[in-house]
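Residue-level listing of the chains:
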Amino acid sequence: AAMGGKSRTQGYAIQKSESEWSSILTETQYFILRNGGTESPYSSILEGEERDGVYVCAGCGTPLFDSKEKFHSGTGWPSFAGPVMSSKEKEVSNVEMEGVSKIQFQLAGAEVRCQTCGGH
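Source: prediction; values computed, not measured.

Some thoughts on the overall build of the protein
- In terms of helices and strands, the protein carries three helices and six strands.
- When the 120 residues of the protein are sorted by exposure, 31% land in the buried category.
- In the protein, once contacts between residues fewer than 6 apart in sequence are set aside, the share between residues at least 24 apart is 46%.
- Accessible area of the protein: about 7,700 Å², with a carbon and sulfur share of 55%.

This is the structure we're talking about:
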């Protein structure tokens, strides 16, 4: 699924074929990162993760979220108040969020992608 019409492969700094992605990611990672799939609520080991550190993209290692920004939203998925900002452009984050209305966001959330590789 394309986010706001943007391809999951075009326009990102890191480009790999689907064959390359499937060889470096687990089946579950591939489903989530490359196909925009979603785990069942409360099934992610990251939901209960409490250690200090930075959450990075499983596809390319780009820093996405700092543990200091993590909070328990009650949704069953890890939630963060804000993303890690780019080291190159301080006003640009390392993540991009799907543009949805407030109602859509409250009902279904919004897709978040890595700015470097397009992973969900």
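Some points on unusual backbone geometry
- At Tyr42, a position not held by glycine, the phi torsion is positive, near 65 degrees.
- Among the structural elements, Tyr42 can be located in the loop between helix 2 (27-35) and strand 1 (54-56).
- Using a relative accessible area of 53% as the deciding quantity, one classes Tyr42 as exposed.

Re the pairing of strand 2 (residues 63-66)
- Pairing between strand 1 and strand 2: three bridges, direction antiparallel. Paired with Val54 across the strands is Asp66, a residue of strand 2.
- Hairpin connection between strand 1 and strand 2: a loop of six residues separates the two successive antiparallel strands, and Gly61 in this loop has a positive phi of roughly 85 degrees.

Here we look at the side chain of Ser79
- Note that Ser79 resides in strand 4 (residues 79-80).
- Among the polar contacts listed, one links the side chain of Ser79 to the side chain of Ser73, at a separation of 2.8 Å.
- In contact with Ser79, other than residues within four places in its own chain, are Glu69, Lys70, Phe71 and Ser73.

Quick look at the pattern of salt bridges
- Following the criterion strictly, the structure yields two salt bridges and no others.
- Linking Arg51 and Glu49 is a salt bridge whose minimum nitrogen-to-oxygen distance equals 2.7 Å.
- Given the relative accessible area of 18%, Glu49 is considered buried.
- In this structure, the salt-bridge partner of Asp66 is Lys68, at a minimum N-O distance of 3.9 Å.
- Taking relative accessible area as the criterion, Asp66 reaches 22% and is therefore assigned partly exposed.
- The class for Lys68 is exposed, based on a relative accessible area of 70%.

Some remarks on empty space enclosed by the protein
- Inspection of the entire model under this criterion finds one cavity of 30 Å³ or more.
- In this model, the largest cavity occupies a volume close to 30 Å³.
- Of the residues that constitute the lining of the largest cavity, the class distribution is three nonpolar, two polar and three charged.

Concerning the packing of aromatic side chains
- Counting across every chain of the model gives two aromatic pairs.
- Ring centres of Tyr55 and Phe80 lie 5.0 Å apart, and the angle between their planes is 70 degrees; this geometry places the pair in the edge-to-face category. Placement of the pair is Tyr55 in strand 1 and Phe80 in strand 4, with a sequence separation of 25 residues.
- Assessed through its relative accessible area of 12%, Tyr55 is described here as buried.

Conventions and cut-offs
Residues numbered from 1 in each chain as written. Predicted model: local features only at pLDDT ≥ 70, side-chain atom pairs only at ≥ 80, totals over all residues. Heavy atoms only, no water. Helix = DSSP H or I, 4+ residues; strand = E, 2+ residues; numbered from the N terminus. Buried < 20%, exposed > 50% of the residue type's maximum accessible area, 1.4 Å probe, protein only. Contact = heavy atoms within 4.5 Å. Areas by Shrake-Rupley, 256 points an atom, 1.4 Å probe, with all protein chains shown as cover. Pairing = 2+ DSSP bridges. Polar contact = N/O pair within 3.5 Å; in protein donor to acceptor, adjacent residues only side chain to side chain. Salt bridge = Lys/Arg side-chain N within 4 Å of Asp/Glu carboxyl O. 1 Å grid on protein atoms, 1.4 Å probe; cavity = no way out; pocket = protein on both sides within 12 Å on 5 of 7 lines; lining within 4 Å. Points joined across faces, edges and corners; volume = space filled by probe spheres on them. Nonpolar A, V, L, I, M, F, W, Y, C, P; charged D, E, K, R; others polar. Phe/Tyr/Trp six-rings, centres within 6.5 Å; stacked < 30°, edge-to-face > 60°.

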